[in-house]
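A look at the structure
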Amino acid sequence: MSLSSPAVASPVASSADLIARYDANAPRYTSYPTAAQFTPAVGAEQWGDWLARAPMDEAVSLYLHIPFCKRLCWYCGCNTRAMNRESVIASYVDLLLREADLVLARIGRPVRVGSIHLGGGTPNMLAPADLERLIAGLAARFDLGDCFEIAAELDPEVLTPEWVEAAGRIGLTRASLGVQDLSPDVQAAVNRPERFETIRWAAQALRAQGLVSLNLDLMYGLPRQTAENVVTTLGLVTTLRPERIALFGYAHVPWMKPHQKLIKDAELPDAPLRFLQSQAAARYLTGKGWTPIGLDHFALPHDGLAAAQRAGRLRRNFQGYTTDQAPVLIGLGVSSISRTPDGYVQNLSLEREWRAAVSAGRLPAARGVALNAQDVFVAAIIERLMCDFAVDVAQVAARHDRPVESVVGAWTLLQRFAEDGLVEIDGHRLSVTALGRPFVRAVCAAFDPAAVAIANRHARVV
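Presented here is an overview of the structure given in this document.

**Structural notes on the environment of N124**
- Mapping N124 onto the fold places it in the loop between β4 (113-120) and α4 (128-141).
- Distance from N124 to E153, taken between C-alpha atoms, is 7.9 Å for residues 29 residues apart in sequence.
- Apart from the residues within four sequence positions on either side, N124 is in contact with E153, L154, D155, V158, L159 and W163.
- For N124, the side chain forms a polar contact with the main-chain oxygen of D155, separated by 3.1 Å.

Put into structure tokens, the structure is as follows:
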């Protein structure tokens, strides 16, 4: 089966029946094990040991978390807070560079960087001078000679001409603009007013400064949202010809993000309506020439994400689908997540605690998980399913020197999926059908022994 002409299963149940059966809580599988499985058993000491033996023969990726926003969007699931005091933000930049020093001291040798990602929050809350100071500080500490990408997540309503000019000077190559939905009624329901004219200006201004790839973040499943809202928004933003579009399902987890309690449950679309919105959006985008990438991304055929999919080199990490092949990810800043072949580690999630640790010269790692051989094996299976919708488990087992029988329980769980036409099983090869693609997270969960235990930490599949 190829991704360009997927096998289409004959449906044996209506979409409503399938949603009722498979719309469980499941991870988004941006990692395996998932962040819900991180524990304090992995902390600063172990992170320091992992850094000391991390492979540095290849360029690493840097992620810097900027936890500040001008406004609080009620749907947000990120670690962020409303903050407009420039002195607080400037001191945060100082501490990011201080944390970089702590990390490099543990590595003890030169580090080449292949990509830099500024996430948040709203990275364009940084003053232009602080943005340039941050990148200059990184260049003074790391070897950026091989850095092929500098990316940032931006709020168009906060973007200024001065910031855009600074972005051009630092060599910003890719930007993600938060759009979500352009309906004023939906925007009012999530406290996110935004005009299309602002987004259009941001896209044009960034491209004039040399931006190579523009991504727009949209959402479905928001309060008061309809399929018509979603398609109308797409009709406007696709005129900008963004190289990438991410269409995320809103994750309503008010027990984890208390500000989401400001959203009225009665105004949220139910699972069948969410499904209708996502499918209407996918039809619209594919009809306009964007290639579907994995579960929730779309890219123009010339974009690197589409090329990676065609080559079977698409990856998935905490930023979603990516072309990043780096074996080491170093996260800096509050709540940021790092990865080495030894495991995952996450920084302290409270900003004051992170500041205190870094100021005292301590690595601010708070929790994580060490990887064993079985974890790496299962992670490879799940990543290929999330990226390619197909995996030959026997081939993956051979590559990782693991017994294929160690995941035999998944086949039992997946028999029901096969009976409903969501997957096809041929020996040890598993393929997710066109009918089953919206439920791929549930398919992946069959390989995850912890999926049921941590279900209440995750949003619904549909």
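Structure shown, so let's carry the discussion forward.
**Side note on the packing of aromatic side chains**
- Applying the stated criterion across every chain, the model contains eight aromatic pairs.
- Between F68 and Y92 the ring centres are 5.1 Å apart and the planes differ by 80°, which places this aromatic pair in the edge-to-face class. Residue F68 is located in strand β2 (residues 68-69), and its partner Y92 is located in helix α3 (residues 86-107); the two are separated by 24 residues in the primary sequence. Here the two residues F68 and Y92 agree in accessibility, since each one is buried.
- Through pairs of rings, three or more aromatic residues link up here, namely Y22, F275, F417 and F439.

**As for the pattern of salt bridges**
- One pass over the structure, following the stated rule, counts 20 salt bridges.
- Here E132 and R169 are joined by a salt bridge, their closest N and O atoms 2.8 Å apart. Pair noted here: E132 is in helix α4 and R169 is in helix α5 (residues 161-170), with a separation of 37 residues, a long-range link.
- One salt bridge in this structure joins E267 and R224, with 3.1 Å as the shortest N-O distance. Taken together, the residues span a long stretch of sequence, with E267 in the loop between β8 (244-249) and α9 (271-287) and R224 in the loop between β7 (213-220) and α8 (227-237) at a distance of 43 residues.
- Overall, the relative accessible area of 24% leaves E267 in the partly exposed class.

**Focus on the pairing of strand β13 (residues 329-332)**
- Side-chain alternation along β13 places L329 and G331 on one buried face and I330 and L332 on a second face that is also buried.
- Strand direction decides the pairing type here: strand β1 (residues 60-66) and β13, joined by four bridges, are parallel. Following the sheet pairing, L62 is matched in β13 by I330.

**Some words on the environment of I381**
- With respect to the helices and strands, the residue I381 is situated in helix α12 (residues 373-388).
- A relative accessible area of 0% places I381 in the buried class.
- C-alpha separation for the pair I381 and F447, spaced 66 residues apart in sequence, amounts to 8.1 Å.
- Ignoring anything within four residues of it in the chain, the contact list for I381 reads V391, V393, V396, V407 and F447.

**Overview of the nonpolar core**
- One finds L64, L177 and L206 to be the most contacted residues of the largest nonpolar core, which totals 83 residues.
- The element best represented in this core is α3, accounting for twelve residues.
- Residues contacting L64, with those up to four places away along its chain left out, are L96, I116, H117, L118, G119, L134, L138 and L332.
- With 49 residues, the next largest nonpolar core counts I293, Y321, L430 and A451 among its residues.

**Examining α8**
- Within the span of α8, buried status applies to A227, N229, V230, T233, L234 and V237. Seen along its axis, α8 keeps its buried residues to an arc of 160°; they face one direction.
- As for α8, its buried residues are in contact with β6 (174-180), α6 (184-190), α7 (196-208), β7 and α9.

**Here's the deal with the environment of P67**
- Structurally, P67 is set in the loop between β1 and β2.
- Assessed through its relative accessible area of 2%, P67 is described here as buried.
- Once the C-alpha coordinates of P67 and G333 are considered, the two residues, 266 residues apart in sequence, prove to be 8.3 Å apart.
- Setting aside residues up to four positions removed in sequence, P67 forms contacts with N79, T80, R81, Y92, G121, V334 and E351.

**Points about the layout of surface pockets**
- Each pocket or cavity is described by its volume, and for the second largest pocket that value is around 690 Å³.
- R315, R339, Y344, A379 and E383 are the residues nearest the centre of the second largest pocket, which is lined by 25 residues in total.
- The set of elements that each furnish at least two residues to the lining of the second largest pocket consists of β11 (315-317), β14 (337-340) and α12.
- The dominant element in the lining of the second largest pocket, judged by the number of residues it contributes, is α12, at six residues.
- Broken down by class, the residue content of the lining of the second largest pocket amounts to eleven nonpolar, seven polar and seven charged.

Cut-offs applied
Residues numbered from 1 in each chain as written. Predicted model: local features only at pLDDT ≥ 70, side-chain atom pairs only at ≥ 80, totals over all residues. Heavy atoms only, no water. Helix = DSSP H or I, 4+ residues; strand = E, 2+ residues; numbered from the N terminus. Contact = heavy atoms within 4.5 Å. Polar contact = N/O pair within 3.5 Å; in protein donor to acceptor, adjacent residues only side chain to side chain. Phe/Tyr/Trp six-rings, centres within 6.5 Å; stacked < 30°, edge-to-face > 60°. Buried < 20%, exposed > 50% of the residue type's maximum accessible area, 1.4 Å probe, protein only. Salt bridge = Lys/Arg side-chain N within 4 Å of Asp/Glu carboxyl O. Pairing = 2+ DSSP bridges. Core = buried A, V, L, I, M, F, W, Y, C linked by side-chain atoms within 4.5 Å. Arc of directions from axis to C-beta. 1 Å grid on protein atoms, 1.4 Å probe; cavity = no way out; pocket = protein on both sides within 12 Å on 5 of 7 lines; lining within 4 Å. Points joined across faces, edges and corners; volume = space filled by probe spheres on them. Nonpolar A, V, L, I, M, F, W, Y, C, P; charged D, E, K, R; others polar.

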